[in-house]
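# Notes for the structure review
In case you want the letters, here they are:
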Amino acid sequence: MADRKIIAVVGATGAQGGGLVRAIINDPGSGFTARAFTRDVTSEKAKALAKLGAEVVAADLDDVASLKRAFTGAYGLFCLTNFWEHFSPEREYAQAKSQAEAARAAGVQHVIWSTLEDTRKWVPLSDNRMPTLMGTYKVPHFDAKGAADQEFANHGVPTTFLLTSFYWENMIFFGMGPKKGPDGVFRFTLPMEGKKLPGIAVEDIGRCAVGIFKNKSEYVGKTVGIAGEHLTGEEMAAAMTRAFGQTVHYNAVTPAQYRAFGFRGAEDLGNMFQFKSDFNEVFCGARNPAVAKRLHPALQTFDVWLAQNKSRIPLV
Ligand SMILES: NC(=O)c1ccc[n+]([C@@H]2O[C@H](COP(=O)([O-])OP(=O)(O)OC[C@H]3O[C@@H](n4cnc5c(N)ncnc54)[C@H](OP(=O)(O)O)[C@@H]3O)[C@@H](O)[C@H]2O)c1
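No experiment lies behind these values; they were computed from the predicted model shown.

Turning to unusual backbone geometry, a few remarks are in order. Negative phi is the rule for most residues except glycine; trans is the rule for most peptide bonds. Phi is positive for F87, close to 60°, though the residue is something other than glycine. Turning to its location among the elements, F87 is positioned in the loop between helix 4 (83-86) and helix 5 (89-106). Accessibility expressed as a relative area gives 16% for F87, which makes it buried. Phi at M134 takes a positive value of approximately 50°, unusual for a residue other than glycine. Counting through the fold element by element, M134 comes out in the loop between strand 5 (110-115) and helix 6 (140-154). With a relative accessible area of 46%, M134 lands in the partly exposed category.

As C-alpha coordinates, this is what we get:
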(Lines give C-alpha, C1' and ligand atoms only; values in the text may rest on other atoms or scores of the structure.)
Protein backbone atom coordinates (compact mmCIF):
# COMPACT_ATOMS: atom_id res chain seq x y z
CA MET A 1 0.00 0.00 0.00
CA ALA A 2 2.78 2.41 0.99
CA ASP A 3 4.17 2.58 -2.55
CA ARG A 4 0.81 3.46 -4.07
CA LYS A 5 0.00 7.00 -5.12
CA ILE A 6 -2.82 8.57 -3.10
CA ILE A 7 -5.83 9.90 -5.02
CA ALA A 8 -7.73 12.21 -2.69
CA VAL A 9 -11.44 12.39 -3.46
CA VAL A 10 -13.80 15.24 -2.58
CA GLY A 11 -17.45 14.20 -2.49
CA ALA A 12 -16.45 10.61 -1.70
CA THR A 13 -19.73 9.81 0.06
CA GLY A 14 -21.64 11.08 -2.97
CA ALA A 15 -22.37 9.93 -6.51
CA GLN A 16 -19.33 11.07 -8.53
CA GLY A 17 -16.71 10.78 -5.80
CA GLY A 18 -18.11 7.52 -4.46
CA GLY A 19 -17.84 6.02 -7.94
CA LEU A 20 -14.21 7.14 -8.13
CA VAL A 21 -13.31 5.63 -4.73
CA ARG A 22 -14.90 2.32 -5.74
CA ALA A 23 -13.18 2.43 -9.14
CA ILE A 24 -9.76 2.94 -7.51
CA ILE A 25 -10.32 0.14 -4.99
CA ASN A 26 -11.56 -2.22 -7.72
CA ASP A 27 -8.46 -1.55 -9.86
CA PRO A 28 -5.50 -2.58 -7.69
CA GLY A 29 -3.28 -2.65 -10.79
CA SER A 30 -3.72 1.11 -11.17
CA GLY A 31 -1.08 1.83 -8.54
CA PHE A 32 -3.48 4.19 -6.78
CA THR A 33 -5.06 4.15 -3.35
CA ALA A 34 -8.09 6.20 -2.30
CA ARG A 35 -8.34 8.89 0.36
CA ALA A 36 -12.01 9.72 0.84
CA PHE A 37 -13.17 13.08 2.22
CA THR A 38 -16.36 13.71 4.14
CA ARG A 39 -17.52 16.17 6.77
CA ASP A 40 -18.73 13.27 8.91
CA VAL A 41 -16.41 10.30 9.22
CA THR A 42 -18.99 8.53 11.42
CA SER A 43 -21.76 8.46 8.75
CA GLU A 44 -22.89 5.10 7.36
CA LYS A 45 -21.58 6.06 3.89
CA ALA A 46 -18.19 6.99 5.32
CA LYS A 47 -17.99 3.74 7.28
CA ALA A 48 -18.88 1.78 4.15
CA LEU A 49 -15.99 3.41 2.26
CA ALA A 50 -13.58 2.58 5.10
CA LYS A 51 -14.80 -1.01 5.04
CA LEU A 52 -14.02 -1.18 1.31
CA GLY A 53 -10.44 -0.12 2.08
CA ALA A 54 -10.44 3.66 1.61
CA GLU A 55 -8.65 5.98 4.02
CA VAL A 56 -11.50 8.18 5.30
CA VAL A 57 -10.50 11.71 6.31
CA ALA A 58 -12.52 14.70 7.56
CA ALA A 59 -12.46 17.87 5.46
CA ASP A 60 -14.89 20.72 4.84
CA LEU A 61 -15.01 22.71 1.59
CA ASP A 62 -15.93 25.80 3.63
CA ASP A 63 -12.71 25.48 5.66
CA VAL A 64 -9.62 25.90 3.48
CA ALA A 65 -7.25 25.00 6.35
CA SER A 66 -8.96 21.60 6.65
CA LEU A 67 -8.46 21.08 2.89
CA LYS A 68 -4.76 21.96 3.06
CA ARG A 69 -4.28 19.40 5.85
CA ALA A 70 -6.38 16.78 4.09
CA PHE A 71 -4.70 17.15 0.66
CA THR A 72 -1.15 16.85 2.05
CA GLY A 73 0.67 13.81 0.68
CA ALA A 74 -1.81 13.24 -2.14
CA TYR A 75 -0.55 12.67 -5.69
CA GLY A 76 -3.93 13.22 -7.33
CA LEU A 77 -7.08 15.06 -6.31
CA PHE A 78 -10.67 14.90 -7.55
CA CYS A 79 -12.40 18.22 -6.88
CA LEU A 80 -16.15 18.67 -6.68
CA THR A 81 -18.77 21.09 -5.39
CA ASN A 82 -22.39 20.31 -4.63
CA PHE A 83 -24.56 23.24 -5.71
CA TRP A 84 -27.78 21.46 -4.76
CA GLU A 85 -26.90 21.41 -1.07
CA HIS A 86 -26.99 25.22 -0.69
CA PHE A 87 -28.20 26.67 -4.04
CA SER A 88 -25.53 29.40 -3.88
CA PRO A 89 -23.29 29.93 -6.93
CA GLU A 90 -21.07 32.28 -4.90
CA ARG A 91 -20.51 29.61 -2.26
CA GLU A 92 -19.86 27.03 -4.95
CA TYR A 93 -17.25 29.32 -6.52
CA ALA A 94 -15.60 29.94 -3.13
CA GLN A 95 -15.47 26.18 -2.45
CA ALA A 96 -13.81 25.57 -5.84
CA LYS A 97 -11.31 28.36 -5.18
CA SER A 98 -10.45 26.88 -1.78
CA GLN A 99 -9.81 23.49 -3.40
CA ALA A 100 -7.47 25.10 -5.99
CA GLU A 101 -5.64 27.02 -3.25
CA ALA A 102 -5.25 23.93 -1.05
CA ALA A 103 -4.17 21.77 -4.01
CA ARG A 104 -1.40 24.24 -4.76
CA ALA A 105 -0.34 24.47 -1.11
CA ALA A 106 -0.21 20.66 -0.86
CA GLY A 107 1.75 20.32 -4.12
CA VAL A 108 -0.78 17.94 -5.68
CA GLN A 109 0.52 16.72 -9.04
CA HIS A 110 -2.72 16.14 -10.93
CA VAL A 111 -6.17 17.56 -10.20
CA ILE A 112 -9.42 16.62 -11.90
CA TRP A 113 -11.97 19.41 -11.44
CA SER A 114 -15.54 18.26 -12.09
CA THR A 115 -16.80 21.33 -13.89
CA LEU A 116 -19.51 22.45 -16.31
CA GLU A 117 -19.79 25.26 -18.86
CA ASP A 118 -20.13 28.91 -17.89
CA THR A 119 -23.18 29.27 -20.15
CA ARG A 120 -22.82 33.07 -20.18
CA LYS A 121 -20.09 32.63 -22.81
CA TRP A 122 -22.89 31.55 -25.19
CA VAL A 123 -25.88 33.30 -23.60
CA PRO A 124 -24.80 36.70 -22.29
CA LEU A 125 -26.96 38.25 -19.58
CA SER A 126 -28.39 40.62 -22.23
CA ASP A 127 -29.80 37.62 -24.19
CA ASN A 128 -33.46 37.42 -23.20
CA ARG A 129 -34.13 33.96 -24.63
CA MET A 130 -33.95 32.81 -20.99
CA PRO A 131 -34.29 34.78 -17.76
CA THR A 132 -31.24 35.96 -15.82
CA LEU A 133 -31.27 34.22 -12.43
CA MET A 134 -29.85 35.26 -9.05
CA GLY A 135 -28.71 38.58 -10.53
CA THR A 136 -25.79 37.53 -12.73
CA TYR A 137 -26.34 33.96 -13.93
CA LYS A 138 -28.17 32.14 -16.69
CA VAL A 139 -27.63 28.60 -15.37
CA PRO A 140 -26.36 29.20 -11.82
CA HIS A 141 -25.20 25.62 -11.12
CA PHE A 142 -23.25 25.56 -14.40
CA ASP A 143 -21.96 29.12 -14.51
CA ALA A 144 -20.21 29.16 -11.12
CA LYS A 145 -18.40 25.90 -11.90
CA GLY A 146 -17.27 27.15 -15.32
CA ALA A 147 -16.20 30.52 -13.89
CA ALA A 148 -14.16 28.70 -11.22
CA ASP A 149 -12.03 26.97 -13.91
CA GLN A 150 -9.84 30.08 -13.83
CA GLU A 151 -9.03 29.49 -10.15
CA PHE A 152 -7.31 26.20 -10.98
CA ALA A 153 -5.44 27.87 -13.83
CA ASN A 154 -4.55 30.98 -11.78
CA HIS A 155 -3.23 28.89 -8.90
CA GLY A 156 -0.95 27.05 -11.35
CA VAL A 157 -2.46 23.68 -10.46
CA PRO A 158 -1.95 20.88 -13.08
CA THR A 159 -5.62 20.34 -13.84
CA THR A 160 -7.87 18.30 -16.11
CA PHE A 161 -11.26 19.98 -16.52
CA LEU A 162 -13.87 17.22 -16.57
CA LEU A 163 -17.21 18.00 -18.23
CA THR A 164 -19.76 15.49 -16.97
CA SER A 165 -23.21 14.66 -18.37
CA PHE A 166 -26.79 14.27 -17.11
CA TYR A 167 -26.80 11.31 -14.73
CA TRP A 168 -29.36 8.70 -15.73
CA GLU A 169 -29.67 8.25 -11.92
CA ASN A 170 -31.60 11.56 -11.91
CA MET A 171 -34.56 9.33 -12.74
CA ILE A 172 -33.99 7.50 -9.44
CA PHE A 173 -32.94 10.28 -7.05
CA PHE A 174 -34.01 13.57 -8.65
CA GLY A 175 -37.64 12.78 -9.55
CA MET A 176 -36.97 12.96 -13.31
CA GLY A 177 -38.33 9.52 -14.23
CA PRO A 178 -41.56 8.83 -16.14
CA LYS A 179 -44.74 9.94 -14.36
CA LYS A 180 -48.19 8.39 -14.72
CA GLY A 181 -50.81 10.91 -15.88
CA PRO A 182 -54.51 10.93 -14.87
CA ASP A 183 -55.09 9.03 -18.15
CA GLY A 184 -52.84 6.19 -16.90
CA VAL A 185 -50.18 6.97 -19.52
CA PHE A 186 -46.50 7.18 -18.46
CA ARG A 187 -44.74 10.28 -19.74
CA PHE A 188 -41.04 11.16 -19.61
CA THR A 189 -40.75 14.95 -19.55
CA LEU A 190 -37.85 16.96 -20.90
CA PRO A 191 -37.71 20.45 -22.47
CA MET A 192 -35.32 19.30 -25.20
CA GLU A 193 -37.53 19.21 -28.34
CA GLY A 194 -36.00 16.53 -30.60
CA LYS A 195 -32.45 17.31 -29.49
CA LYS A 196 -30.00 14.82 -28.04
CA LEU A 197 -29.18 14.80 -24.33
CA PRO A 198 -25.74 13.48 -23.36
CA GLY A 199 -26.26 11.13 -20.41
CA ILE A 200 -24.12 8.81 -18.32
CA ALA A 201 -24.31 6.18 -15.58
CA VAL A 202 -22.87 8.15 -12.67
CA GLU A 203 -20.64 5.25 -11.54
CA ASP A 204 -18.88 5.53 -14.94
CA ILE A 205 -17.73 9.10 -14.17
CA GLY A 206 -15.35 7.81 -11.50
CA ARG A 207 -14.16 5.00 -13.76
CA CYS A 208 -13.34 7.54 -16.49
CA ALA A 209 -11.56 9.68 -13.89
CA VAL A 210 -9.27 6.74 -13.07
CA GLY A 211 -8.42 6.55 -16.78
CA ILE A 212 -7.51 10.25 -16.71
CA PHE A 213 -5.32 9.86 -13.61
CA LYS A 214 -3.54 6.92 -15.28
CA ASN A 215 -2.69 9.08 -18.31
CA LYS A 216 -1.69 12.39 -16.73
CA SER A 217 0.58 13.55 -19.53
CA GLU A 218 -2.21 13.16 -22.10
CA TYR A 219 -4.90 14.96 -20.11
CA VAL A 220 -3.32 17.57 -17.87
CA GLY A 221 -4.26 21.10 -18.93
CA LYS A 222 -7.07 19.73 -21.11
CA THR A 223 -10.85 19.82 -20.95
CA VAL A 224 -12.29 16.31 -21.26
CA GLY A 225 -16.01 15.76 -21.78
CA ILE A 226 -17.63 12.38 -21.15
CA ALA A 227 -21.01 10.79 -21.86
CA GLY A 228 -22.31 7.23 -22.08
CA GLU A 229 -24.62 8.10 -24.98
CA HIS A 230 -26.35 11.04 -26.64
CA LEU A 231 -30.08 10.28 -26.85
CA THR A 232 -33.23 12.21 -27.72
CA GLY A 233 -36.22 12.18 -25.37
CA GLU A 234 -37.96 9.88 -27.88
CA GLU A 235 -35.01 7.48 -27.82
CA MET A 236 -34.90 7.46 -24.01
CA ALA A 237 -38.66 6.85 -23.80
CA ALA A 238 -38.37 4.00 -26.34
CA ALA A 239 -35.55 2.41 -24.32
CA MET A 240 -37.67 2.64 -21.15
CA THR A 241 -40.65 1.15 -22.98
CA ARG A 242 -38.46 -1.85 -23.90
CA ALA A 243 -36.98 -2.14 -20.41
CA PHE A 244 -40.23 -1.77 -18.45
CA GLY A 245 -42.47 -3.65 -20.90
CA GLN A 246 -44.74 -0.65 -20.39
CA THR A 247 -45.27 2.17 -22.88
CA VAL A 248 -43.50 5.41 -21.95
CA HIS A 249 -44.19 8.49 -24.07
CA TYR A 250 -41.81 11.39 -24.49
CA ASN A 251 -43.43 14.58 -23.27
CA ALA A 252 -41.58 17.49 -24.91
CA VAL A 253 -42.47 20.60 -22.91
CA THR A 254 -40.99 24.03 -23.59
CA PRO A 255 -38.20 25.42 -21.39
CA ALA A 256 -40.65 28.13 -20.20
CA GLN A 257 -43.14 25.44 -19.12
CA TYR A 258 -40.34 23.58 -17.31
CA ARG A 259 -39.17 26.75 -15.53
CA ALA A 260 -42.73 27.23 -14.28
CA PHE A 261 -42.97 23.74 -12.70
CA GLY A 262 -42.39 25.46 -9.36
CA PHE A 263 -40.03 23.08 -7.57
CA ARG A 264 -36.88 24.60 -6.09
CA GLY A 265 -34.31 24.83 -8.89
CA ALA A 266 -36.87 24.52 -11.73
CA GLU A 267 -35.81 27.82 -13.32
CA ASP A 268 -32.12 26.84 -13.16
CA LEU A 269 -32.87 23.44 -14.74
CA GLY A 270 -35.24 24.94 -17.34
CA ASN A 271 -32.44 27.29 -18.44
CA MET A 272 -29.96 24.41 -18.35
CA PHE A 273 -32.05 22.26 -20.69
CA GLN A 274 -32.64 25.24 -22.98
CA PHE A 275 -28.87 25.79 -23.14
CA LYS A 276 -28.33 22.10 -23.95
CA SER A 277 -31.02 22.30 -26.64
CA ASP A 278 -30.24 25.71 -28.20
CA PHE A 279 -26.49 24.96 -28.28
CA ASN A 280 -26.88 21.26 -28.90
CA GLU A 281 -23.94 20.90 -31.25
CA VAL A 282 -21.60 22.67 -28.84
CA PHE A 283 -22.91 20.76 -25.82
CA CYS A 284 -22.87 17.31 -27.43
CA GLY A 285 -19.61 18.08 -29.22
CA ALA A 286 -17.95 18.71 -25.85
CA ARG A 287 -18.98 15.26 -24.49
CA ASN A 288 -17.71 12.43 -26.60
CA PRO A 289 -18.80 8.86 -25.75
CA ALA A 290 -15.77 7.59 -27.73
CA VAL A 291 -13.44 9.52 -25.40
CA ALA A 292 -15.26 8.09 -22.37
CA LYS A 293 -15.02 4.58 -23.81
CA ARG A 294 -11.29 4.95 -24.33
CA LEU A 295 -10.92 5.98 -20.69
CA HIS A 296 -13.26 3.23 -19.49
CA PRO A 297 -13.86 0.45 -22.04
CA ALA A 298 -16.83 -1.07 -20.14
CA LEU A 299 -18.75 2.24 -20.42
CA GLN A 300 -22.50 1.61 -20.05
CA THR A 301 -25.09 2.50 -22.67
CA PHE A 302 -28.56 3.60 -21.55
CA ASP A 303 -29.97 0.14 -22.37
CA VAL A 304 -27.30 -1.58 -20.28
CA TRP A 305 -27.79 0.88 -17.41
CA LEU A 306 -31.59 0.42 -17.56
CA ALA A 307 -31.30 -3.36 -17.44
CA GLN A 308 -29.39 -3.02 -14.14
CA ASN A 309 -31.37 -0.13 -12.65
CA LYS A 310 -34.96 -0.21 -13.91
CA SER A 311 -36.29 -1.58 -10.62
CA ARG A 312 -34.86 1.49 -8.83
CA ILE A 313 -36.84 3.96 -10.98
CA PRO A 314 -40.12 4.71 -9.19
CA LEU A 315 -42.91 4.19 -11.78
CA VAL A 316 -45.72 6.27 -10.27
N1 LIG B 1 -27.29 15.32 -11.37
C2 LIG B 1 -26.65 15.44 -12.52
O3 LIG B 1 -27.10 14.98 -13.57
C4 LIG B 1 -25.34 16.14 -12.56
C5 LIG B 1 -24.62 16.13 -13.77
C6 LIG B 1 -23.40 16.81 -13.83
C7 LIG B 1 -22.92 17.48 -12.71
N8 LIG B 1 -23.65 17.47 -11.55
C9 LIG B 1 -23.11 18.21 -10.39
O10 LIG B 1 -22.66 17.27 -9.43
C11 LIG B 1 -22.52 17.97 -8.19
C12 LIG B 1 -22.85 17.05 -7.06
O13 LIG B 1 -22.08 15.87 -7.15
P14 LIG B 1 -22.68 14.46 -6.70
O15 LIG B 1 -23.94 14.22 -7.45
O16 LIG B 1 -21.59 13.50 -6.76
O17 LIG B 1 -23.05 14.82 -5.18
P18 LIG B 1 -23.92 14.03 -4.09
O19 LIG B 1 -24.10 12.61 -4.45
O20 LIG B 1 -25.13 14.87 -3.81
O21 LIG B 1 -22.95 14.13 -2.82
C22 LIG B 1 -22.42 15.36 -2.40
C23 LIG B 1 -21.02 15.13 -1.89
O24 LIG B 1 -20.39 16.38 -1.64
C25 LIG B 1 -19.83 16.37 -0.34
N26 LIG B 1 -19.91 17.73 0.20
C27 LIG B 1 -20.89 18.63 0.05
N28 LIG B 1 -20.60 19.76 0.73
C29 LIG B 1 -19.38 19.56 1.30
C30 LIG B 1 -18.56 20.37 2.12
N31 LIG B 1 -18.92 21.61 2.51
N32 LIG B 1 -17.38 19.86 2.53
C33 LIG B 1 -17.00 18.60 2.17
N34 LIG B 1 -17.75 17.79 1.40
C35 LIG B 1 -18.93 18.28 0.97
C36 LIG B 1 -20.68 15.41 0.45
O37 LIG B 1 -19.92 14.89 1.53
P38 LIG B 1 -20.45 14.73 3.06
O39 LIG B 1 -21.92 15.06 3.07
O40 LIG B 1 -20.16 13.29 3.40
O41 LIG B 1 -19.61 15.69 3.83
C42 LIG B 1 -20.98 14.34 -0.59
O43 LIG B 1 -19.93 13.41 -0.65
C44 LIG B 1 -23.44 19.16 -8.26
O45 LIG B 1 -22.71 20.36 -8.11
C46 LIG B 1 -24.09 19.06 -9.64
O47 LIG B 1 -24.28 20.32 -10.24
C48 LIG B 1 -24.81 16.81 -11.45
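Buried residues of helix 15 (residues 302-309): F302, W305, L306 and N309, and no others. Taken down its axis, helix 15 places every buried residue within 100° of arc, on the same side. Seen from the buried face of helix 15, the exposed residues on the opposite side, beyond 90 degrees, are A307 and Q308. Here the buried face of helix 15 lies against helix 7 (170-173), strand 12 (229-232) and helix 10 (233-244).

Quick notes on the rules
Residues numbered from 1 in each chain as written. Predicted model: local features only at pLDDT ≥ 70, side-chain atom pairs only at ≥ 80, totals over all residues. Heavy atoms only, no water. Helix = DSSP H or I, 4+ residues; strand = E, 2+ residues; numbered from the N terminus. Buried < 20%, exposed > 50% of the residue type's maximum accessible area, 1.4 Å probe, protein only. Arc of directions from axis to C-beta. Contact = heavy atoms within 4.5 Å.

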